[in-house]
Amino acid sequence: MTVLLDGAALSVRAAAVRGPLAPLVASLRADLEPLVTGTLAIPEQKALLSRDGGRCPHDGTMLAFDPFSPHAHRCPTCGTELTGERHDLWWVTWQHLWLAERAVHAAALHALTGEPALATLAAAILRGYAERYASYPNRDNALGPTRPFFSTYLESIWMLQLAIATDLLEQGRATETATGAAAEARGVGALVRDALVAPSAALIASFDEGSSNRQVWNNAAMLAAGRLLDDHTLVHRAVHGASGLRRHLETALLPDGTWYEGDNYHLFAHRGLWYGVVMADAAGIAVAPESRARFQEGFAAPLLTALPDFTFPSRRDSPYRVSLRQWRFAESCELGVARAADPRLLGALHTLYHTPAFAGDTGRHRSTAEAERNEAPVALSRADLGWRALLFALPELPPLHPVPARSVLLDAQGFAVMRRDGGRAYVALDYGHAGGGHGHPDRLDLLLAVGTDRWLDDPGTGSYVDPTLHWYRSTLAHNAPLVNGRSQTPGEGALRAWDERGAAGWVRAELPEGRLAPHVQATRTVVVMDGYLIDRVEWLAAEPARFELPVHVDARADTLHSWHDAPFTGGEIVTDGFAFVRAARTAEAAAGEVVHLRRAPAGEAWLTSSTPASWWRVLGPAPPGDSAREREFLVLRQFGVAGTLTGVWSWGGEVRSIALDGDQLLVHLRDGAEHAHAPEGEGAWRIRFRHGAARSSIVLEGARGTLGAPPSAGPLIEQPAATRVYHLPRAGSPPLLFHLGAHSYRRTEDSWEEAGGPRAVVRLHRTHDTLEIAVDVLKEAPIFRAADAPDPALDNEHPDIHSDGVQFYVDRAGWDQPIALLAVPEEGGTVRTRWVDGTRRDVPVHTAWDRTPAGYAVRFSLPLAALGDPADDIPLRLDVLVNETSAERVRRRGQLVLSGAAGEFGYLRGDRQPRERYLHLVIPRAR
């Protein structure tokens, strides 16, 4: 069965590659020459994700990937050459992917040119991996089962390439230059199907990631495998399943054509959707017209939010300042144009092919399939595209013309962009969609860029396994408000108004009560004119609060002079961000006092507070990859139950000064004009213009409603616990017993049966004055990690989660945080306990443990008086998680979960358990 193109279509395509696409054929063929004439080396090892592997210890930069250098790895920033096993196993990740892409790259060229050496190369890679696949161990994975990698989606990308390569070899046309070697090469198909594609597809199918971008690739791999294996059940699952292609097109790809997780994941997910849609078309599977329209709009979506320097915004878990001047994006535009003419895509290709840019290495020759490694911006041509363009791009493009970037509201995404000065000035408000697991607590984040100069920026995200990840995922790292030193509660904001008139426009968005913080709501209004913008942040609380607005700008407050050192305190949870900042200095400003900021060379801003405010200047982590490592930024702090912060930002030098007159903001321009701004109710903004004797006005309107809820993130999003309430027996009665077995097991690679059937019994009872919890674990040879054991440095989680031990949680109504601790038995009868970050520590918890004939038992004891009034019923919520591992593993194998976990996976859960999952428990009053 055909996966992408059948033999007839390839024959038609072969004519095109001999004509206009001949330069692309030549350049792709040149990339393969080192493998055609050299030695093919397939790694024997499984890849490893670690905190230090593949990163420069000096500047944190990801090391350059050289497919021909397995043991020496260069930092592209400082030039240091690094060696070591961790770096080598990081290299293995990319080498597996690189070789898989070379297989499909060679097979595609062979199918169109008939060159036997290319069939031989593709077949050698396919045979090599088919023979080795079963030898890669399915263990110690970070996210899902996999053999060659550490995350399932990487195996999906890899297997997808190999499946397509197999199909293209078999579809390749016979030519007068074909030899027995080429025919033999096509004969590896049976081996690849049986030894690689079928077992890999089964492994991938066992791990469903719902609406995650990673599931897009799992679906693409299953669809390719299903077509190659003639497995209709697998094809149906990949397309029509609960997390299949159709579901992603209908929900995860939003009505405005954007992927819900943000710009970076849009580019990644949309490429995966392309495979799905093209394979569905080849199989004759219908895609609904509305879904097809969303998919087509997705090609242009990155252009709509692109910054003036043609990078995409570093929102959410995006790498910082990634350019769209890369061959991958050019290929995406070409594939979009091939499906439907779109002036925006043709305009982007004009920018990519015909505007000045640095000449340099495109990086295509070291491309690692679809697991992108972003490259520096370079000049491009059609000869720099990839094998997908070779098969699907138009033979010749229509004339290319520049298309100016315009203001846009992505209503479903919750992102408003206003452009001025021919697109040179860029203002954006990020208010809406939460973004799923890759979202940040940064609703009402303001961005401002002028040309290549970023004034107010989003730092994106660095390495997922470096501690700075917690900084980039804090509200403090963004130009977004926070309350009482805590990052925002995850959730979406609501658009209240949008209007754009070209020279004047506005956007108004709100964080309803509970989204910013409990009992606090905030609204941000941004009005954009030619040469300046107005930013007004208003907040209201039900009780006195501390309200803060970070301003990440390189500027000096030249009207404040009383700066002095002071401690800059905030939330204690690492994702509140305060632990990452230092060198704090503060100064006070009176209510209504206008503070002037000056930013070299010509930028200025004026900010004022409706109440007395403290200004802070602090140092925090710079955006990922910045050589400075730290940057100074400002924080405005107010106290009370309500407040307003108003700012005017001028990038063209037109503004001379500002003044507040009641609710009216006066902006005085250097040419003598005055603009008077004021809200008119909730849904309008009036601007009065005065220049000499001339008078005029404009009213911006455009009321909008709230956004809808984000799509479900699938099985990895925890479901609420059962509503049943368990009543604890009175003192002296037999305990309440819970048997934990298959229905309670949260697995990783091994199922409950494959893990040996882990079991435990949880006993709950009360004495006169204590709550007693005993956890009896049935395990012949438990493995307890020593306190001084080396940290394996695999991720940001505490290494004790990878030991046999118990996680314990207690909560009750009215508490802001639960009790949560991790307990690991130690020799000598002691229990090593560690409180989970951000949880309450004011309730004494006594712990002890013993070995038992069947394993071990951990006991927890809490005083009832600390939980409530023993003379009355005490309602609680409680959960117990039993971690279990085995001798051959580095990471834990799974968990037994008191509140139930049938069908769940244990990846990325650390020492956390959502409060809504805990069991409901009532401790009866004393008689």
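Since this is a predicted model, take the numbers as computed values, not measurements.

> Help me understand the sheet that holds strand β21 (residues 664–669), please; the structure alone is not making it clear to me.
Taken together, the five strands give an open sheet; going across it, the order is β20-β21-β22-β23-β24, and neighbouring strands pair in antiparallel fashion. A single partner strand is all that each edge strand has here, and the edge strands are β20 (655–661) and β24 (694–700). In this sheet, adjacent strand axes meet at a mean angle of 15 degrees when their direction is disregarded. Sheet topology note: the strand β22 (residues 674–679)/strand β23 (residues 685–691) ladder contains six bridges and is antiparallel. Note that in β23 the partner of Ala676 across the bridge is Arg688.

> In this structure, what is going on with the pairing of strand β35 (residues 874–884)? I would like to understand it.
Walk down a regular strand and you will see the side chains alternate between the two sheet faces. With nine of its eleven residues buried, β35 lies for the most part within the structure. Note that strand β30 (residues 805–811) and β35 share seven bridges and pair antiparallel. Looking across to β35, one finds that Tyr809 is bridged to Asp879. Pairing of β35 with strand β37 (residues 919–923) involves five bridges; the strand directions are antiparallel. Bridge pairing in β37 places Leu876 opposite Leu921. Alignment of β35 against strand β36 (residues 894–897), held across four bridges, turns out to be antiparallel. In the strand pairing of β36, Leu881 is matched with Val897.

> I keep staring at the packing of aromatic side chains and nothing clicks. Help me out?
Aromatic ring pairs are defined here through the distance separating the ring centres and the angle between the ring planes. Evaluated as defined, the whole model comprises 28 aromatic pairs. Measuring from centroid to centroid gives 6.0 Å for Phe149 and Trp158, while their planes differ by 75 degrees, and the two rings are edge-to-face. Each member of the pair Phe149 and Trp158 is classed as buried. Ring geometry for Phe784 against Trp849: centres 5.3 Å apart, planes inclined by 75 degrees, an arrangement best described as edge-to-face. Placement of the pair is Phe784 in the loop between β29 (770–778) and β30 and Trp849 in strand β33 (residues 846–852), with a sequence separation of 65 residues. Given a relative accessible area of 17%, Phe784 falls into the buried group. Relative accessible area serves as the criterion here: at 5%, Trp849 is assigned to the buried category.

> For this particular structure, what's the right way to read the nonpolar core?
Across soluble globular proteins, nonpolar side chains show a tendency to be buried alongside one another. By size, the foremost hydrophobic cluster in this structure holds 134 residues, and its most contacted members are Trp158 and Met159. The element best represented in this core is helix α3 (residues 85–113), accounting for 17 residues. Residues in contact with Trp158, not counting those within four places in the same chain, are His96, Leu97, Ala100, Tyr129, Tyr133, Pro148, Phe149 and Leu196. Within the second largest apolar cluster, 50 residues are counted, among which are Ala416, Met418, Leu495 and Leu636.

> Whenever I open this one, the packing of helix α4 (residues 116–132) against helix α7 (residues 189–205) confuses me. Can you help?
Packed helix pairs are characterised by how far apart their axes lie and by the angle those axes make with each other. Look at α4 against α7: their axes get within 8 Å of each other, and the N-to-C directions meet at 40 degrees. If you check the angle between α4 and α7, you find them oblique. For the element pair α4 and α7, the recorded crossing hand is left-handed. Contacts from Leu126, Arg127, Tyr129, Ala130 and Glu131 in α4 reach Leu191, Val192, Ala195 and Leu196 in α7. Within the contact of α4 with α7, the residues separate by chemical class into seven nonpolar, no polar and two charged.

> Where do I start with α4 in this structure?
Side chains three or four residues apart in an α-helix point the same way, a direct result of the helix having 3.6 residues per turn. Between its first and last C-alpha, α4 extends 24 Å over 17 residues, near the 24 Å set by a 1.5 Å rise per residue. Of the positions making up α4, those classed as buried are Pro116, Leu118, Ala119, Leu121, Ala122, Ala123, Ile125, Leu126, Gly128, Tyr129 and Ala130.

> Would you take a moment to explain the confidence of the model for the protein chain for this structure?
Low-confidence regions, as indicated by low pLDDT, have predicted coordinates that should not be scrutinised in detail. For the protein chain, per-residue confidence averages 92 on the pLDDT scale, and residues scoring 70 or more make up 96% of the total. Considering only residues more than four positions removed or in separate chains, one finds that residues 704–721, a stretch of pLDDT under 50, has 51 contacts.

> How do you make sense of the pattern of salt bridges when you look at a structure like this?
Once the charged atoms of two side chains with opposite charge are near each other, the side chains can pair. As enumerated under the stated definition, the model contains 71 salt bridges in all. A salt bridge links Asp795 to Arg891, with the shortest nitrogen-to-oxygen separation between them at 2.7 Å. Of the two residues, Asp795 is situated in the loop between β29 and β30 and Arg891 in the loop between β35 and β36; the sequence distance between them amounts to 96 residues. Taking the relative accessible area as the measure of exposure, Asp795 reaches 17% and is therefore buried. Salt bridges sharing common partners tie together Asp263, Arg315, Asp430, Asp442 and Arg443.

> It is not clear to me how the side chain of His802 should be interpreted in this structure. Could you clarify?
Residue placement: His802 occurs in the loop between β29 and β30. Of the polar contacts made by the side chain of His802, one reaches the backbone nitrogen of Arg892; its length is 3.0 Å. Ignoring sequence-local partners within four residues, the contact set of His802 consists of Asp795, Thr885, Val890, Arg891 and Arg892.

> Please clarify how the pairing of strand β7 (residues 453–456) should be interpreted in this entry.
Here strand β6 (residues 445–450) pairs with β7 via three bridges, running antiparallel. The partner of Leu448 across the bridge, within β7, is Leu456. Counting the residues that bridge the hairpin from β6 to β7 gives two residues, and of these Gly451 lies at a positive phi of roughly 60 degrees.

> For this particular structure, what's the right way to read unusual backbone geometry?
Trans peptide bonds make up the majority, and among non-glycine residues the majority have a negative phi. Positive phi, normally seen in glycine, also occurs at Ala369, with a value near 55 degrees. Position of Ala369 relative to the elements: it lies in the loop between α14 (343–354) and α15 (387–392). Here Ala369 falls in the buried class, since its relative accessible area comes to 1%. Its identity as a non-glycine residue notwithstanding, Leu444 has a phi of 70 degrees, on the positive side. Looking at the secondary structure, you find Leu444 in the loop between β5 (425–430) and β6.

> Honestly, the side chain of Asp499 in this entry has me stumped. Any pointers?
By the secondary structure assignment, Asp499 is in strand β9 (residues 494–500). Residue classification places Asp499 among the buried residues on the basis of a relative accessible area of 14%. At 2.9 Å, the side chain of Asp499 forms a polar contact with the side chain of Arg501. Among the polar contacts listed, one links the side chain of Asp499 to the backbone nitrogen of Glu701, at a separation of 2.9 Å. Those residues in contact with Asp499 that lie beyond four places of it in its chain are Gly505, Trp506, Val699, Leu700 and Glu701.

The rules behind these values
- Within any chain, residue numbers begin from 1 and follow the written order of that chain's sequence.
- Owing to the predicted nature of the model, reporting of local features is limited to residues with pLDDT of at least 70; listing and counting of side-chain atom pairs is limited to 80 or more, with chain, interface and lining totals taken over all residues.
- Here the side-chain values reflect all heavy atoms present in the structure, with hydrogen atoms and water set aside.
- Only strands that DSSP links by at least two bridges are regarded as paired with each other.
- Note on conventions: DSSP H or I runs of at least 4 residues are helices, E runs of at least 2 residues are strands, and numbering of each starts at the N terminus.
- Axis angles are defined between N-to-C directions and span 0 to 180 degrees, where every axis is a line fitted to C-alpha atoms and, for a helix, only to the segment in contact.
- Note on classification: 1.4 Å probe, protein chains only; a residue is buried when its accessible area is under 20% of the maximum for its type, exposed when over 50%, partly exposed between these limits.
- When the centres of two rings from Phe, Tyr and Trp lie within 6.5 Å, Trp using its six-membered ring, the rings pair. Their planes under 30 degrees apart give stacked, over 60 give edge-to-face, and anything left gives tilted.
- In this text, buried Ala, Val, Leu, Ile, Met, Phe, Trp, Tyr and Cys residues form a nonpolar core when linked through side-chain atoms within 4.5 Å.
- What makes two residues a contact is simply this: any of their non-hydrogen atoms within 4.5 Å.
- Angular relationships are summarised with four words: roughly parallel below 35 degrees, roughly antiparallel beyond 145, roughly perpendicular across 65 to 115, and oblique for the angles in between.
- Handedness of a crossing follows from how the near helix is turned relative to the far one, being left-handed for an anticlockwise turn of less than a right angle and right-handed for a clockwise one.
- Residue polarity is assigned by list, with Asp, Glu, Lys and Arg as charged and Ala, Val, Leu, Ile, Met, Phe, Trp, Tyr, Cys and Pro as nonpolar; anything else, Gly included, falls into the polar class.
- One less than the number of residues in a helix, times 1.5 Å, gives the span that helix is expected to have.
- pLDDT is a residue-level measure of predictor confidence that goes from 0 to 100.
- Basic side-chain nitrogens of Lys or Arg form a salt bridge, by our definition, when they fall within 4 Å of a carboxyl oxygen of Asp or Glu.
- Contacts described as polar in this section are N or O atom pairs within 3.5 Å, which, within protein, must combine one atom able to donate a hydrogen with one able to accept it, while residues neighboring in sequence count only if both atoms come from side chains.

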